[in-house]
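The residues making up each chain are set out below.
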Amino acid sequence: MSSNSYESNGQSSEIGALASPDAPEIKVRDYYVARLKRMRPAQHPIATEQRYAGCGLRADLRTVDNQDVLREWEFKLHADYRAIGQILAYVALARKELVFRPVRGVVAAFSFSPEVALTNEVMNLGLELVTIPEWMRAAGGLPRRSESLPLLPTIPPISLN
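Cut-offs applied
Residues numbered from 1 in each chain as written. Predicted model: local features only at pLDDT ≥ 70, side-chain atom pairs only at ≥ 80, totals over all residues. Heavy atoms only, no water. Core = buried A, V, L, I, M, F, W, Y, C linked by side-chain atoms within 4.5 Å. Buried < 20%, exposed > 50% of the residue type's maximum accessible area, 1.4 Å probe, protein only. Helix = DSSP H or I, 4+ residues; strand = E, 2+ residues; numbered from the N terminus. Salt bridge = Lys/Arg side-chain N within 4 Å of Asp/Glu carboxyl O. Phe/Tyr/Trp six-rings, centres within 6.5 Å; stacked < 30°, edge-to-face > 60°. Lys NZ or Arg CZ within 6 Å of the ring centre and 35° of its normal. Expected span 1.5 Å × (residues − 1). Arc of directions from axis to C-beta. Contact = heavy atoms within 4.5 Å.

Our next topic: the nonpolar core. In this structure, L70, I87 and V103 are the most contacted members of the largest nonpolar core, which totals 19 residues. Here this core takes 6 residues from helix 3 (residues 81-97), the largest share from any one element.

So this is what it looks like as structure tokens:
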């Protein structure tokens, strides 16, 4: 299999080539991709900013696994119902371009609105919902969420009298 076999009409980019350095979710995506082998050992990155022929849409990341299944990824800081529409459009475009080859959709985010998982399950969409580890927030210059910070113990004052 050649290295170009997953590219759609030569329009996919090299890993990280089109990333905007200012967007926190792009920085988090790039950080995740750099650690993909550790996070998801069976998956290998193909391209970031994967473009689709005939439109200006592009997925954040395309990967392939050891069973030759492609995944289109959408990275969000917080995923809500809009992420479902985005990833479904990307999966449909990829399947059409790749002559209906199996393609899975992945939404990766630090947090998800409750309707995302509900819609995925009830509508049997088959999307993978990946929770990005909280420690990766620093990659995008994002502060840690206060509810995830450990509570510091309070030490009562000691009276020596």
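The discussion continues.
A separate point is the pattern of salt bridges. Taken as a whole, this structure holds 12 salt bridges when the rule is applied. R29 is paired through a salt bridge with D30; the nearest N and O atoms lie 2.8 Å apart. According to the relative accessible area criterion, R29 is buried, its value standing at 0%. Owing to a relative accessible area of 29%, D30 belongs among the partly exposed residues under this scheme. Close ionic contact of R40 with E128 constitutes a salt bridge, the shortest N to O distance being 2.5 Å. Pair noted here: R40 is in the loop between helix 2 (36-39) and strand 1 (43-51) and E128 is in strand 5 (residues 128-131), with a separation of 88 residues, a long-range link. There is no split in this pair, since R40 and E128 are both buried. In this structure, a network of salt bridges that share partners links the residues R40, D65, R71, R104 and E128.

Before going further, it helps to spend a moment on the packing of aromatic side chains. Following the criterion strictly, the structure yields 5 aromatic pairs and no others. Pairing Y31 with W135 gives two aromatic rings, centres 6.2 Å apart and planes at 75 degrees, and the pair type is edge-to-face. Within this pair, whereas Y31 is found in helix 1 (residues 24-34), its partner W135 is found in the segment after strand 5, the two being separated by 104 residues in sequence. Judged by centre distance (5.9 Å) and plane angle (25 degrees), the ring pair of Y52 and Y90 falls under stacked. Here Y52 is found in the loop between strand 1 and strand 2 (58-65), whereas its partner Y90 is found in helix 3, with 38 residues between them in sequence. Both residues of the pair, Y52 and Y90, belong to the buried class. Taken together, the ring pairs in this structure connect Y32, W73 and F75 into an aromatic cluster. Over the ring of Y31 we find R35; its NZ or CZ atom is 3.4 Å from the centre of that ring. The positively charged end of R82 is found above the aromatic ring belonging to Y81, 5.7 Å away from the centroid.

Of note in this structure, D68 is not a glycine but carries a positive phi near 70 degrees. Position of D68 relative to the elements: it lies in the loop between strand 2 and strand 3 (70-79). Note on D68: relative accessible area 33%, which makes it partly exposed. Located in the positive-phi region is V99, a residue other than glycine, with phi close to 55 degrees. Assignment of secondary structure puts V99 in the loop between helix 3 and strand 4 (103-112). Overall, V99 belongs to the exposed group, its relative accessible area being 69%.

With 17 residues, helix 3 ought to run about 24 Å at 1.5 Å a step, and its terminal C-alpha atoms sit 25 Å apart, in line with that. All of the buried residues along helix 3 are A83, I84, I87, Y90, V91 and A94. Along the axis of helix 3, the buried positions cluster into a sector of 135 degrees, meaning they face one direction only. Residues of helix 3 that are exposed and point more than 90 degrees away from the buried face comprise Y81, R82 and K96. Looking at the buried side of helix 3, the elements it contacts are strand 2, strand 3, strand 4 and helix 4 (114-122). Taken from the residues just after helix 3, V99 is the one with a positive phi, measuring 55 degrees.

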